[in-house]
Amino acid sequence: MELIQNTPDLSAYLAADEAIDHDHPIVRDAAARLAKKAADSYAYAQLAFEFVRDTIPHSQDSGDLRVTWRASDVLEQGTGICYAKAHALAALLRAEDIPTAFCYQQFDVVHGLVAVRFNGAWHRQDPRGNKPGVDARFSLDGERLAFVPDPESNEMDYPVLYAEPHPTVLSVLQAAPDRPYLWKTLPTAL
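Residues numbered from 1 in each chain as written. Predicted model: local features only at pLDDT ≥ 70, side-chain atom pairs only at ≥ 80, totals over all residues. Heavy atoms only, no water.

Asker: For the state of the cysteines, give the residues involved together with the corresponding values.
Answerer: In total, this model carries zero disulfides according to the counting rule given. Note on Cys82: no disulfide assigned, nearest cysteine sulfur contributed by Cys103 at a separation of 11 Å. According to the relative accessible area criterion, Cys82 is buried, its value standing at 8%. (Disulfide = S-S within 2.5 Å. Buried < 20%, exposed > 50% of the residue type's maximum accessible area, 1.4 Å probe, protein only.)

Asker: Explain helix α1 (residues 25-36) to me, and be specific about the residues and the numbers.
Answerer: Taking 1.5 Å of rise per residue, 12 residues should cover 16 Å, and α1 covers 16 Å from first to last C-alpha, within 8% of that figure. Along α1, the residues that are buried comprise Val27, Ala30, Ala31 and Leu34. Each buried residue of α1 lies within a common arc of 100 degrees when the element is viewed along its axis, so the set occupies one face. Within α1, the exposed residues directed more than 90 degrees away from the buried face are Pro25 and Lys36. On its buried face, α1 sits against α2 (41-55), α4 (71-77) and α5 (82-95). (Helix = DSSP H or I, 4+ residues; strand = E, 2+ residues; numbered from the N terminus. Expected span 1.5 Å × (residues − 1). Arc of directions from axis to C-beta. Contact = heavy atoms within 4.5 Å.)

Asker: An account of the packing of α2 against α5 is requested, with residue identities and associated values reported.
Answerer: When two helices pack together, their arrangement is captured by the angle between the axes and the distance separating the axes. Where α2 meets α5, the closest approach of the two axes is 10 Å, and the angle between their N-to-C directions is 155 degrees. The orientation of α2 relative to α5 falls into the category roughly antiparallel. Where α2 crosses over α5, the two elements pack in a sense that is right-handed. The residues of α5 that touch α2, namely those facing Tyr44, Ala45, Ala48, Phe49, Phe51, Val52 and Arg53, are Lys85, Ala88, Leu89, Leu92 and Leu93. The class makeup of the residues in the contact of α2 with α5 is 10 nonpolar, no polar and two charged. (Axes fitted to C-alpha atoms, helices over the stretch in contact; angles between N-to-C directions. Parallel < 35°, antiparallel > 145°, perpendicular 65-115°, else oblique. Left-handed = near helix turned anticlockwise from the far one by under 90°. Nonpolar A, V, L, I, M, F, W, Y, C, P; charged D, E, K, R; others polar.)

Asker: For the nonpolar core, give the residues involved together with the corresponding values.
Answerer: Judged by nonpolar contacts, the single largest core of 46 residues is most densely connected at Tyr83 and Leu92. Mapped onto this core, the elements with two or more residues apiece are α1, α2, α4, α5, β2 (100-106), β3 (110-118) and α6 (167-175). Residues in contact with Tyr83, not counting those within four places in the same chain, are Tyr104, Val110, His111, Gly112, Val169, Leu173, Leu186 and Pro187. With 11 residues, the next largest nonpolar core counts Tyr13, Ala115, Leu161 and Ala163 among its residues. (Core = buried A, V, L, I, M, F, W, Y, C linked by side-chain atoms within 4.5 Å.)

Here it is in C-alpha cells:
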C-alpha cells in the first residue's frame, strides 16, 4: 500500500498542537530520559515506541475508565486507547525532530497508529500494547502491526498520513466522560 501525506510540507509532521503537546514539560522530560539511552534517532524511535507500548496500558485491556487524548495527559496518567497512545508516541518522536504521522485502520471500529519517517520513507508503527494474540513490534523493515485487516470482512488500511489527529477521532475522545461512553461512540469509519 502506498502511504499518502495529507499535506506535502514535512514540517507539519513535526508540529505541536493541543493534542500533540510535545512542548509540555511532561513530554519534554520523558523525551529527554529516553534520548539519554539512545545512540541515534533510530534507537530513540524504538525506545519511545517500546516505552509507550509497554508502560502505558491500553485502557480497555487494563479496565481503566479514564479517557485521555492529549499526549501529556497520556504520559502523566499512564493510560489511553490506541488513539491516545498514538498521540503520546507522536509527541515523543516529534520532540526529538522525528517526523510522525497519524494513520488509521478500519475494523469494527477505526484503529489508530502512527507512521515515522526514516530514510525518505514512512514506516507504520502500532503502539497499542501487546496482549495474547497481539504482538506489535517496532520495525523499519516490514510492518509488525497489532492487527492486519481482512478485506473480505470489509476491513482496511487507510492510506492517508495525517499531520494532526483526525478530527473525528479527536472529537470523540474529547467528548467522552469515561471509557464505557467512549466505547459506544468510537468511529466506525473516517
